[in-house]
Amino acid sequence: MESKTEMRNRPSIGDIGGWLFGLLLLIVGILNMVLVHPVPGVAYLLISLVYFPPANAYFRRKLGFPVPLILKIILGVVLFLFTFGVSDLGDMIDKL
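Calculation notes
- Residues numbered from 1 in each chain as written.
- Predicted model: local features only at pLDDT ≥ 70, side-chain atom pairs only at ≥ 80, totals over all residues.
- Heavy atoms only, no water.
- Buried < 20%, exposed > 50% of the residue type's maximum accessible area, 1.4 Å probe, protein only.
- Helix = DSSP H or I, 4+ residues; strand = E, 2+ residues; numbered from the N terminus.
- Arc of directions from axis to C-beta.
- Patch = residues over 30% accessible without salt bridge, like charges linked within 9 Å, V, L, I, M, F, W, Y side chains within 5 Å.
- Areas by Shrake-Rupley, 256 points an atom, 1.4 Å probe, with all protein chains shown as cover.
- Salt bridge = Lys/Arg side-chain N within 4 Å of Asp/Glu carboxyl O.

1. Some words on helix H3 (residues 38-48)
The α-helix advances 3.6 residues per turn, and as a result positions three or four apart in sequence lie on the same side. Of the residues making up H3, those classed as buried are Gly41, Tyr44 and Ser48. Buried residues of H3 fall within an arc of 65° about the axis and therefore sit on the same side. Projecting away from the buried face of H3 at angles above 90 degrees are the exposed residues Val39 and Leu46.

2. Examining a nonpolar patch on the surface
On the surface, a nonpolar cluster with roughly 780 Å² of combined accessible area is contributed by Ile27, Ile30, Leu31, Met33, Val34, Leu35, Val42, Leu46 and Leu49. Of all elements in the fold, only helix H2 (13-36) and H3 reach the threshold of two or more residues within the nonpolar patch. Per-element accounting of the nonpolar patch gives the leading share, 6 residues, to H2. Within the fold, Leu49 resides in the loop between H3 and helix H4 (53-63). Take Leu49: its relative accessible area is 38%, and that puts it in the partly exposed class.

Below, the structure is given as structure tokens:
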């Protein structure tokens with residue numbers, strides 16, 4: 001049987017999803033900076049911070065509440081629709 005401290009140290013599905021989605025947005029931001037324009041790239045880099053668990057804990061301490069999951073999901077869907085639908089990066093990926 002696991003102790004309570006061992007259970008707290010195990011990452012949750014939300015933490016793993018946050019790291020994966022944050023890294024994905026970070027990569028899209030770097031690609032935008034290199035291939036398209038620095039402004040949307042920097043915006044993606046800053047928005048990716050919302051998804052990383054340590055940054056979420058920082059926001060929780062400073063704001064008094066975490067960024068709601070539904071807001072993260074809506075933001076993620078909008079960002080990916082924008083990236084692959086109307087941005088120049090989506091057009092570059094289509095040409096490959």
